Amino acid sequence: MMAAIKKIALYLAWLVSIVATLGSLYFSEIRGFTPCELCWYQRILMYPLAAILGIATYRNDRSVKSFVLPLSIIGWCVSLYHYLLQKVPAFAALETCTSGVPCSGSYVEWFGFITIPFLAFIAFSLITILMLLTKAHNR
């Protein structure tokens with residue numbers, strides 16, 4: 001089972017980045033949710049992943065993990081921080097959003113804990129794990 005996942009890890013990471021990108025566009029363009037400052041940072045880190053991973057999947061270029069991992073790990077950190085701002089009262093004092101939509105606000109709250117930053121956190125987590133499972137080709 002793990003060997004099969006390793007073979008398609010690059011493709012799965014691309015699929016996750018596409019779903020995350022389309023999901024964020026759905027929330028802002030169709031549902032009309034204005035992204036906060038931290039949401040924009042997460043978008044800045046996720047959107048290039050869709051293109052980079054798409055090209056890498058097409059070329060079967062597994063060496064792309066050296067470009068993808070920094071973006072996904074930084075995105076993971078930003079989305080974790082954003083989620084903590086929403087869910088942990090002690091983090092509210094650390095609010096970084098100074099204008100526009102507050103980062104501690106929540107447009108979506110499914111099952112009492114699933115928010116948009118949580119969805120981004122899951123996407124960045126999956127991409128990071130899948131990239132770690134991807135083996136670079138031997139030259």
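Preceding block: the structure.
This report concerns the structure included in the present document. Predicted model only: the values in this text are computed from it and were never measured. (Residues numbered from 1 in each chain as written. Predicted model: local features only at pLDDT ≥ 70, side-chain atom pairs only at ≥ 80, totals over all residues. Heavy atoms only, no water.)

1. Brief notes about the overall build of the protein
Looking only at helices and strands, one finds four helices and zero strands in the protein. In the protein, the succession of α and β elements from N to C terminus is α-α-α-α. Each of the 139 residues in the protein was classed as buried or not, and the buried ones make up 38%. Summarising the internal contacts of the protein: among those between residues at least 6 apart in sequence, 74% fall at separations of at least 24. (Helix = DSSP H or I, 4+ residues; strand = E, 2+ residues; numbered from the N terminus. Buried < 20%, exposed > 50% of the residue type's maximum accessible area, 1.4 Å probe, protein only. Contact = heavy atoms within 4.5 Å.)

2. Quick word on helix α4 (residues 116-133)
In this model α4 runs 26 Å from its N-terminal to its C-terminal C-alpha over 18 residues, within 8% of the 26 Å that 1.5 Å per residue would give. Where α4 is concerned, the buried positions are P117, F118, A120, F121, A123, F124, S125, I127, T128, L130, M131 and L133. (Expected span 1.5 Å × (residues − 1).)

3. Let's talk about the layout of surface pockets
Computed from the structure, the largest pocket encloses a volume of approximately 550 Å³. Lining the largest pocket are 33 residues, with S24, F27, I116, L119 and A120 positioned closest to its centre. Looking at the lining of the largest pocket, the elements that each hand over two or more residues are α1 (2-30), α2 (37-59), α3 (65-87) and α4. Counting residues per element, the lining of the largest pocket draws most heavily on α4, at eight residues. For the lining of the largest pocket, a count of residues per class yields 23 nonpolar, nine polar and one charged. (1 Å grid on protein atoms, 1.4 Å probe; cavity = no way out; pocket = protein on both sides within 12 Å on 5 of 7 lines; lining within 4 Å. Points joined across faces, edges and corners; volume = space filled by probe spheres on them. Nonpolar A, V, L, I, M, F, W, Y, C, P; charged D, E, K, R; others polar.)

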